Amino acid sequence: GASFGPGAGFNLDAVEMLTPPLVVNFTASDTLPCTGTPVNFTDQSSGNIVSWNWSFPGGTPSSSTQKNPVNIQYNTSGFCNVTLTISNGIISSSKTKAAYIHPGVHPQVNLGNDTTVCARSVVTLDAGNPGCTYHWSTGQTTQVIHVDSSGAGLGPHNYWVEVTRSPGCAGTDTIRITRDDCTGIPGYTNVAGVSVFPNPACRYFVLEINGFEDGSWRLFSDTGAERCHDVIPSDLYRYRMNVSDYPPGIYLIRIIQGNRSVVKKIMVDHGPGNQ
C-alpha cells in the first residue's frame with residue numbers, strides 16, 4: 001500500500017542482528033598440573049569481543065586481560081576456579097568453571113631399598129600415588145606388581161617405574177633386587193658358639209648363643225639399619241625372633257663380648273616352603 005493515507009503499510013523482508021550474542025567458553029593446557037608448572041589458557045568464546053578479563057584464584061598472576069593468557073602458575077595444591085568475562089563494548093558475559101584446575105605435588109615414588117632375596121621369592125612392588133598412571137620396566141601398568149625370577153635368573157636386576165599425574169607431572173624410582181640361590185646358607189650353623197635356625201627364615205628364627213655372657217647382639221639389615229638388639233645375660237642364651245613383617249632379604253647378626261665379635265648371616269624369605 002501507499003506509505004501515507006488510508007491503508008498505508010510496509011513490507012518487512014529481513015532482520016539483521018548488528019550485535020551477535022556473547023557466548024563464553026575456554027580451555028586449559030593442563031587441568032591437573034604439578035605445583036609450579038605453567039598452565040596456558042585458550043579463549044573459545046564467540047561474539048564481537050573487544051575485551052577479556054580472566055580471574056585465576058590461587059594462580060600467579062591471579063588475573064589477565066590477554067585473550068589467551070600463558071604461564072599461569074599454581075604453587076599450592078588444591079582446587080581452583082577460573083572465570084572469564086568478555087565484552088563487546090556494550091554488554092558483557094561471564095563464565096566460571098568451578099574447581100577447574102587441580103594442582104598437586106609431583107608424585108613421590110619409593111619402591112624401597114635395594115634388597116637380596118632367594119630366587120624363588122616373589123617381591124611385591126608398590127608405586128603408590130593412587131589415581132595416577134603407571135609404566136613399569138616390565139611393561140605393566142598397574143600400581144602394584146609382583147616380580148619373581150622367571151625369565152630373569154640369578155643376580156642383580158633393576159626394576160623402575162614412572163608414575164604420571166598429568167603430562168609433565170611425573171615421578172620415578174628404581175630398585176635393585178638381587179636373587180640368591182640361597183644354597184650357601186646352611187639350615188643350621190654353629191660357629192664360635194652361635195647358632196641360627198631355620199635359615200632361610202619365613203616367620204621366625206631362633207638365635208642360640210653359648211659362651212658370650214654379659215655381651216650383646218644386634219640385628220642389621222643389608223643397608224646397615226639396626227632392626228633389633230638385646231643383651232646376653234647368661235652363658236647359655238636362646239632368643240626367638242619374629243620376622244614375619246620384615247622385608248625379604250639378607251640380615252646380619254653381630255654378637256659382641258669385650259674384644260670378641262661374631263657376625264652371622266640370616267636370610268628372611270617369605271616364600272612357600274619356609275618356616
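Residues numbered from 1 in each chain as written. Predicted model: local features only at pLDDT ≥ 70, side-chain atom pairs only at ≥ 80, totals over all residues. Heavy atoms only, no water.

Some thoughts on the overall build of the protein
Stage number 1. For the protein, the count of helices and strands is zero helices and 22 strands.
Stage number 2. Counting only contacts in the protein whose residues sit at least 6 apart along the sequence, the fraction spanning at least 24 positions is 56%.
Stage number 3. On the protein, roughly 15000 Å² of surface is accessible, and the fraction owed to carbon and sulfur atoms is 51%. (Helix = DSSP H or I, 4+ residues; strand = E, 2+ residues; numbered from the N terminus. Contact = heavy atoms within 4.5 Å. Areas by Shrake-Rupley, 256 points an atom, 1.4 Å probe, with all protein chains shown as cover.)

Some remarks on the pairing of strand S19 (residues 226–232)
Stage number 1. Alignment of strand S18 (residues 215–221) against S19, held across six bridges, turns out to be antiparallel. By the bridge assignment, Gly215 is partnered in S19 with Ile232.
Stage number 2. From the end of S18 to the start of S19, which pair antiparallel, there are four residues, and Gly224 there has a positive phi angle of about 95 degrees. (Pairing = 2+ DSSP bridges.)

A look at the sheet that holds strand S5 (residues 63–64)
Stage number 1. Judged by pairing direction, the sheet is antiparallel, and its four strands sit side by side in the order S5-S3-S7-S8 without closing on themselves. Here the strands that pair on one side only, and so sit at the sheet edges, are S5 and strand S8 (92–101).
Stage number 2. Across two bridges, the pairing between strand S3 (residues 51–55) and S5 is antiparallel. If you follow Trp54 over to S5, its bridge partner there is Ser64.

Details of the state of the cysteines
Stage number 1. One pass over the full model with this rule turns up one disulfide.
Stage number 2. Two residues, Cys34 and Cys169, share a disulfide whose sulfurs are 1.5 Å apart. Judged by the sign of its S-S torsion, about 70 degrees, the cystine formed by Cys34 and Cys169 is right-handed. Of the two residues, Cys34 sits in the loop between strand S1 (26–28) and strand S2 (41–43) while Cys169 sits in strand S14 (residues 169–180), which places them 135 residues apart along the sequence. The residues Cys34 and Cys169 share a single accessibility class, namely buried. (Disulfide = S-S within 2.5 Å. Buried < 20%, exposed > 50% of the residue type's maximum accessible area, 1.4 Å probe, protein only.)

Here's the deal with the pattern of salt bridges
Stage number 1. Across all of its chains, the model carries two salt bridges by this definition.
Stage number 2. Arg218 serves as the salt-bridge partner of Glu226, at 2.9 Å between the closest nitrogen and oxygen.
Stage number 3. Owing to a relative accessible area of 36%, Glu226 belongs among the partly exposed residues under this scheme.
Stage number 4. The exposure class assigned to Arg218 is partly exposed, which follows from its relative accessible area of 34%. (Salt bridge = Lys/Arg side-chain N within 4 Å of Asp/Glu carboxyl O.)

Overview of the layout of surface pockets
Stage number 1. Computed from the structure, the largest pocket encloses a volume of approximately 400 Å³.
Stage number 2. If you go around the largest pocket, you meet 22 residues; those closest to its centre are Gly112, Asn113, Thr115, Pro247 and Pro248.
Stage number 3. Among the elements of the structure, strand S9 (115–118), strand S10 (123–126) and strand S21 (249–257) are those that each provide at least two residues to the lining of the largest pocket.
Stage number 4. The element best represented in the lining of the largest pocket is S10, accounting for four residues.
Stage number 5. Each residue belonging to the lining of the largest pocket can be placed in one class, and the counts come to eleven nonpolar, seven polar and four charged. (1 Å grid on protein atoms, 1.4 Å probe; cavity = no way out; pocket = protein on both sides within 12 Å on 5 of 7 lines; lining within 4 Å. Points joined across faces, edges and corners; volume = space filled by probe spheres on them. Nonpolar A, V, L, I, M, F, W, Y, C, P; charged D, E, K, R; others polar.)

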